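The residues making up each chain are set out below.
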Amino acid sequence: MFRVEKQGDNHLHIELDGQMDSGQMEVALNEFILLAQGIEQGTMLYEITAFHMPSFSAIGIKLSKLPTLFRLLGKFRKAAVLSDEKWLQTVSEIEGLLIPGLDIKAFPLAEKTVAEAWLAAES
C-alpha cells in the first residue's frame, strides 16, 4: 500500500506499507506527481510501517519517472521518514546528504509528533 495525501498548501503525507507491484507503483507515483504540483518550500512525512522491496517491474516504473521526481524534489525543503527499520533510517539520511536543498531526518514510528514538530520548525 502506498498512499499520498496533500495536507495544507505545502505538505505531503506519504504512507508505505508492504510490497508494491508495477500497477500500484504507477498509481502512487502519478498521485505524488499530481499532488506535488504547485508546492514551494514544502515538507513531506514518509510513514513506512512495513517495507518490502518492490517488484522488478515496479522499480522499472520508478526509474522511468526519475527525471520528473528529481525535478519535484526541488520543491521541498524537508522530509521526515518514520520507520522502525534502522537501515531505512540510515539510507534516508544518506539520501538527504545527496539531494541539494532537501534536509531528510529519520525517526522511529513512535516519534511521529517529534517528526511533525521538526518539519514545522524553520531551519
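See the structure shown above.
Residues numbered from 1 in each chain as written. Predicted model: local features only at pLDDT ≥ 70, side-chain atom pairs only at ≥ 80, totals over all residues. Heavy atoms only, no water.

**Student:** Describe the pairing of strand β2 (residues 11-18), listing the residues and the values that go with them.
**Tutor:** For a regular strand, side-chain orientation follows a simple rule: the groups alternate between the two sheet faces. Most of β2 sits inside the fold, with six of its eight residues counted as buried. Pairing of strand β1 (residues 2-6) with β2 involves five bridges; the strand directions are antiparallel. Counted as the bridge partner of Val-4 is Ile-14 from β2. (Buried < 20%, exposed > 50% of the residue type's maximum accessible area, 1.4 Å probe, protein only. Helix = DSSP H or I, 4+ residues; strand = E, 2+ residues; numbered from the N terminus. Pairing = 2+ DSSP bridges.)

**Student:** Residues and numbers for the packing of aromatic side chains, please.
**Tutor:** Taken as a whole and assessed by the stated rule, the structure comprises two aromatic pairs. Seen in terms of ring centroids, Phe-32 and Phe-76 are 6.3 Å apart; in terms of plane orientation they differ by 25°. Their pairing is stacked. Of this pair, Phe-32 sits in helix α1 (residues 22-36) while Phe-76 sits in strand β4 (residues 76-82), placing them 44 residues apart in sequence. Judged by relative accessible area, Phe-32 falls into the buried class, the value being 5%. Accessibility expressed as a relative area gives 3% for Phe-76, which makes it buried. On the numbers, 6.0 Å between centres and 55° between planes, the contact of Phe-107 with Trp-118 is tilted. Placement of the pair is Phe-107 in strand β5 (residues 103-107) and Trp-118 in helix α5 (residues 112-120), with a sequence separation of eleven residues. Assigned by exposure class, Phe-107 and Trp-118 land together as buried. Here the basic side chain of Lys-78 rests over the ring of Trp-118, its NZ or CZ set 4.5 Å away from the ring centre. (Phe/Tyr/Trp six-rings, centres within 6.5 Å; stacked < 30°, edge-to-face > 60°. Lys NZ or Arg CZ within 6 Å of the ring centre and 35° of its normal.)

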